[in-house]
Amino acid sequence: MTRMKKTRTPGQLGARKESRENAEQSRERKRKAKRKGLAPGSRHNQGGESGGGGAARVQKDPRLGSKKPVALIKDEAKAAAVAKVGVARPKALTPEQELEQLENNERLNALLDRVDAGEKLGKDDAAWLDQTLARHQQLLEQLGLLDDEDEDEEPEEGDDLWIRFMDADLDPAQYQDKEDKS
């Protein structure tokens, strides 16, 4: 081997010290390189739940886990569709049942109470109330429960006498015997 001559310029004697900024950047790069991949945990813990326990529920996708039955054969699918159509139609109510339903309707009673109290109703409520009362009137006429004759008739003679008696200004003092004390 050949001999190397010494030079006056010394080379590096040791490793150079990194500046603070370079050191922080290199540490950050190392940390990010280590953290590749998914966060630790089981696949059932997805959703980023905090450690609050069962208090914070995650909104579930309504399409997952549908309870709707799936037909495995074409004929069963048609039969199920026909059955659904039959169930979907409401049965026709008799006039008596419909009248009973109207008289027990909570919304109708609440709106009538508001009208009696003198409140003004909104446009939708007023329209619904008018429609419902009109149907109620039709049902009463259909069943023959409406008594329009009583209101149109004039009072009978006995009633007329009673009304005249009640309207008269009767002063009981005028019929008492008065004695003169002079």
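Not measured: the values here are computed from a predicted model.

1. Brief notes about the overall build of the protein
Alright, step 1. Assigned secondary structure in the protein consists of 7 helices and 0 strands.
Alright, step 2. Written out in order from the N terminus, the α and β elements of the protein read α-α-α-α-α-α-α.
Alright, step 3. For the protein, with 182 residues in total, the buried portion stands at 7%.
Alright, step 4. Surface summary for the protein: the accessible area is close to 18,800 Å², and the carbon and sulfur share equals 51%.

2. Regarding the pattern of salt bridges
Alright, step 1. This model, assessed by the stated rule, comprises 5 salt bridges.
Alright, step 2. One salt bridge in this structure joins Glu28 and Arg31, with 2.6 Å as the shortest N-O distance. Here Glu28 and its partner Arg31 are both found in helix 1 (residues 20–34), 3 residues apart, which amounts to about one turn of the helix.
Alright, step 3. Because the salt bridges share partners, they merge into one network encompassing Arg107, Arg114, Glu119 and Asp125.

3. With respect to the packing of helix 3 (residues 95–103) against helix 5 (residues 123–143)
Alright, step 1. Two elements in contact, helix 3 and helix 5, have axes separated by 10 Å at closest approach and are oriented at 140°. As judged from the angle between their axes, helix 3 and helix 5 are oblique. Handedness of the crossing formed by helix 3 with helix 5: left-handed. Across the interface between the two elements, Pro95, Glu96, Glu98, Leu99, Leu102 and Glu103 from helix 3 touch Thr132, Arg135, His136, Leu139, Leu140, Gln142 and Leu143 from helix 5.
Alright, step 2. In the contact of helix 3 with helix 5, the residues fall into 6 nonpolar, 3 polar and 4 charged.

4. Quick look at a nonpolar patch on the surface
Alright, step 1. Side chains of Trp162, Ile163, Phe165 and Met166 sit close together on the surface and give an oily, nonpolar patch of about 470 Å² of accessible area.
Alright, step 2. Along the chain, Trp162 turns up in helix 7 (residues 157–167).

5. Digging into the confidence of the model for the protein
Alright, step 1. Per-residue confidence for the protein averages 76 on the pLDDT scale, and 74% of its residues sit at or above 70.
Alright, step 2. Predicted confidence in the protein is weakest over helix 6 (residues 149–152), with a mean pLDDT of 53, and strongest over helix 4 (residues 106–117), with 91.

Cut-offs and rules
- Residues numbered from 1 in each chain as written.
- Predicted model: local features only at pLDDT ≥ 70, side-chain atom pairs only at ≥ 80, totals over all residues.
- Heavy atoms only, no water.
- Helix = DSSP H or I, 4+ residues; strand = E, 2+ residues; numbered from the N terminus.
- Buried < 20%, exposed > 50% of the residue type's maximum accessible area, 1.4 Å probe, protein only.
- Areas by Shrake-Rupley, 256 points an atom, 1.4 Å probe, with all protein chains shown as cover.
- Salt bridge = Lys/Arg side-chain N within 4 Å of Asp/Glu carboxyl O.
- Axes fitted to C-alpha atoms, helices over the stretch in contact; angles between N-to-C directions.
- Parallel < 35°, antiparallel > 145°, perpendicular 65-115°, else oblique.
- Left-handed = near helix turned anticlockwise from the far one by under 90°.
- Contact = heavy atoms within 4.5 Å.
- Nonpolar A, V, L, I, M, F, W, Y, C, P; charged D, E, K, R; others polar.
- Patch = residues over 30% accessible without salt bridge, like charges linked within 9 Å, V, L, I, M, F, W, Y side chains within 5 Å.
- pLDDT = per-residue confidence, 0-100.

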